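# Examination of the molecular architecture
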Amino acid sequence: MELPTVDSCLERWNELGTEFKSLEAINKVYLEKLEELSDLQSKCVKEISHQKYQMGIIKRSLKRIKVPKEDREKVDVLHRGFERRNGQITDIEHALPKPNGLYLKIILGNVNVSILNKNEKFKYKDEYEKFKLVLSVIGFLLSVINLFTVNRLLELCLLFLLVWYYCTLTIRESILKVNGSKIKGWWRLHHFISTVASAVLVVWPQSESWYLFRPQFMVFNVYISVVQYLQFRYQQGVLYRLKALGERHNMDITIEGFHSWMWRGLGFLLPFLFAGYFFQLYNAYTLLHLAYSQPNSPWQVAVLGMLFFVLFLGNAVTTVMVIPQKVQENRRRKEGLSSKTHSQSTSQGEPPTSATISIYFLIIN
Ligand code: COA
């Protein structure tokens, strides 16, 4: 190999200088595009508020008008148009940066957590679900070990892991929310309450009451880890199917298939979820009974009893409410679909499909 000389180094340096000029040119274009992007984003935001403001004016005017019979069809068309436009605006908003909510502002400050690319959004959600799965597997293993051994260090490993896990979930879910997730407020609150409950477990002294409740708590954790695995399977199924739907053209047929799959998934998951809620109620009962029967037991017993009861109540009510909400969503979608089918089938001389009957048929199946 030839030894380098000062001249060869100088020559290479000059070449690098030329390459750097092209890097500078690329960077200049990049900065221009960034500025252009930021301009386009502000234009979109302005146009969105214009659309919303003008729609508000039209809606208020419509409310003031006494609509004659022959114009009712036109008003229906307008209302359907508003609904469609709101959906389109929401889609546009999803591709625009959003300010952080209060919780994120407190813990992260004003750093931008908006994910503007659909694929990146999908990846983030996928990663969130996988994170929950990995942590529930670790939680499962630690709970099983703790069930068969009594070791404070292992116990604390599990309890600290729970505090960290739920705390991390609240942050990840707030980021998902900023990025357009429709996650219900209760599930986020549920994870805040679970963080508090895990912290109370950490500071529960090694007393008689703790050792009385400990085995039940470990079994509960094992059960919850299994339920979390089932939830993962369901959420992962929804996520991948919806992604596939977004990439296909024949939406009507594939959405039908998606909904029948979703109902089957829910039908399988719900009994496990409700068994978990009754386990939470049983935990609340055991703890409150302990607090009542042993008046000198530490404060953690009664507080945890109440927290488990709140979790049971919130989870059960929210999950019960999911079912009619999904039936309603389905019905609205089917009605939209059937009006489309109607206009198509009347032109083809075929009878329209009945939306409601098929939804109930899907539920029964
Ligand atoms: N945790 C986090 N995110 C949740 C959630 C939960 N428990 N339940 C729903 N979501 C998310 C969904 O992934 C979806 O997100 P996206 O808008 O980013 O796509 C959004 O919230 C809307 O979901 P929704 O359509 O209301 O419900 P679903 O069909 O996704 O799930 C259930 C319905 C009932 C299966 C689900 O809410 C669930 O598993 N609940 C039970 C949770 C529980 O009880 N945990 C404790 C176990 S004892």
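Just so it is clear, the structure is predicted and the values come from calculations on it, not from any experiment. Residue positions within a chain follow its written sequence, with the count starting from 1. Per-residue local features are limited, in this predicted model, to residues with pLDDT of at least 70; the limit for side-chain atom pairs, both in listing and counting, is 80 or more; totals at the level of whole chains, interfaces and linings are taken over all residues. The side-chain quantities take in all heavy atoms of the structure and omit both hydrogens and water.

Turning next to the overall build of the protein chain. Within the protein chain, the secondary structure is distributed over 10 helices and 0 strands. Exposure classes here rest on a 1.4 Å probe applied to the protein chains alone. A residue is buried below 20% of its type maximum, exposed above 50%, and partly exposed in between. Buried residues in the protein chain amount to 36% of all 365 residues. Just so you have it, the protein chain exposes about 23,300 Å², and 65% of that area is on carbon and sulfur atoms. Helix numbering and strand numbering both begin at the N terminus, where a helix is a DSSP run of H or I of at least 4 residues and a strand a DSSP run of E of at least 2. Here, Shrake-Rupley sampling with a 1.4 Å probe gives the accessible areas, and only protein chains in the shown set may cover a residue.

The next subject is the UniProt feature "transmembrane region" (unreviewed entry) in the protein chain. UniProt positions are given in the numbering used here, feature names are shortened, and annotations may be inferred rather than shown by experiment. As annotated by UniProt and renumbered to match this structure, "transmembrane region" (unreviewed entry) occupies residues 131-150, 156-175, 187-205, 211-232, 261-279 and 299-323. Taken as a whole, residues 131-150 contains 90% helix and 0% strand, while its terminal C-alpha atoms sit 28 Å from one another.

On the surface, a cluster of nonpolar side chains totalling about 480 Å² of accessible area is made up of Leu102, Ile106, Ile107, Leu108 and Val111. Here leucine 102 shows up in helix α3 (residues 102-108). Like-charged residues within 9 Å of one another, or nonpolar side chains (Val, Leu, Ile, Met, Phe, Trp, Tyr) within 5 Å, are grouped into patches, provided each residue has over 30% relative accessible area and no salt bridge. Should a side-chain nitrogen of Lys or Arg be within 4 Å of a carboxyl oxygen of Asp or Glu, the pair is scored as a salt bridge.

A few words now on the packing of aromatic side chains. We call Phe, Tyr and Trp rings a pair once their centres come within 6.5 Å, taking the six-membered ring for Trp, and we label the pair stacked below 30 degrees between planes, edge-to-face above 60, and tilted otherwise. All told, the structure shown has 18 aromatic pairs when counted by the stated rule. With centroids separated by 6.4 Å and ring planes inclined at 55°, the aromatic side chains of tryptophan 210 and phenylalanine 217 adopt a geometry described as tilted. The pair tryptophan 210 / phenylalanine 217 is uniform in exposure class, with both members buried. Centroid distance phenylalanine 268 to phenylalanine 272: 5.4 Å. Interplanar angle 50°. Geometry classified as tilted. Pair noted here: phenylalanine 268 and phenylalanine 272 are both in helix α8 (residues 251-293), with a separation of 4 residues, about one helical turn. The rings of Trp204, Trp210, Phe213, Phe217, Phe220, Tyr223, Phe279 and Phe308 are connected pair by pair, giving a single aromatic cluster. The rule is short: NZ of Lys or CZ of Arg within 6 Å of the ring centre and within 35 degrees of the ring normal puts a charge over the ring. Between the NZ or CZ atom of arginine 172 and the centre of the ring of phenylalanine 131, over which it lies, the distance is 4.1 Å.

For the coordinates displayed, the defined rule picks out 9 salt bridges. Measuring nitrogen to oxygen at the nearest pair gives 2.9 Å for the salt bridge that ties aspartate 126 to lysine 130. With a gap of 4 residues between them, aspartate 126 and lysine 130 both fall in helix α4 (residues 118-148), about one helical turn apart. Of the residues examined, aspartate 126 reaches a relative accessible area of 9% and is grouped as buried. Residue glutamate 127 pairs with arginine 172 through a salt bridge whose shortest N-O separation is 3.8 Å. One end of the pair, glutamate 127, is in helix α4; the other, arginine 172, is in helix α5 (residues 152-178), and 45 residues separate them in sequence. Glutamate 127 gets classed as partly exposed once you look at its relative accessible area, which sits at 46%. Residue arginine 172 is classed as buried on the basis of its relative accessible area, which comes to 17%. One network of salt bridges, with partners in common, ties together Arg12, Glu15 and Glu19.

This part takes up the site of the ligand. A molecule or strand has a residue near it when one of that residue's heavy atoms lies within 4 Å. Taken together, 18 residues lie near the ligand, and Lys125, Lys182, Lys184, Tyr234 and Tyr277 sit nearest. The term polar contact refers here to a pair of N or O atoms within 3.5 Å; inside protein, the definition further demands a hydrogen-donor-capable atom paired with an acceptor-capable atom, and it admits residues adjacent in sequence only when both atoms are side-chain atoms. Lysine 182 places a polar main-chain atom, nitrogen or oxygen, 2.7 Å from an oxygen atom of the ligand. Glutamine 235 has a polar side-chain atom sitting 3.0 Å from an oxygen atom of the ligand. Protein contact buries 87% of the 880 Å² of open area that the ligand shows by itself.

So, on to helix α6 (residues 185-203). A helix is expected to reach a length of 1.5 Å times the quantity of its residues less one. The end-to-end C-alpha separation of α6 is 28 Å, in line with the 27 Å expected for 19 residues at 1.5 Å each. Among the residues of α6, Trp186, His190, His191, Ile193, Ser194, Thr195, Ala197, Ser198, Val200, Leu201 and Val202 are the ones counted as buried.

This part covers the confidence of the model for the protein chain. Close reading of the predicted structure is inappropriate where its pLDDT is low. Predicted confidence across the protein chain gives a mean pLDDT of 87, with 88% of residues reaching 70 or more. Within the protein chain, the element-level pLDDT minimum falls on helix α10 (residues 355-364), averaging 32, and the maximum on α6, averaging 97. Scored below 50 in pLDDT, residues 340-365 makes 24 contacts in the model with residues more than four places away or belonging to other chains. The predictor reports its confidence for every residue as pLDDT, a score running from 0 up to 100. Contacts: residue pairs with any heavy atoms within 4.5 Å of one another.

To define a nonpolar core, start from buried Ala, Val, Leu, Ile, Met, Phe, Trp, Tyr and Cys residues and group those joined through side-chain atoms within 4.5 Å. Counting residues in hydrophobic clusters, the biggest one holds 40 residues, and the most contacted among them are Leu201, Trp204, Phe213, Phe217, Leu287, Leu304 and Phe308. Elements with a contribution of two residues or more to this core: α4, α5, α6, α7 (208-246), α8 and α9 (299-348). With 10 residues, α5 is the single largest residue contributor to this core. Residue contacts for leucine 201: discarding those within four places in its chain leaves Leu159, Trp210, Phe217 and Leu304. In terms of nonpolar packing, the next biggest core, distinct from the first, is built from 17 residues, Val238, Leu245, Met262 and Val327 among them.

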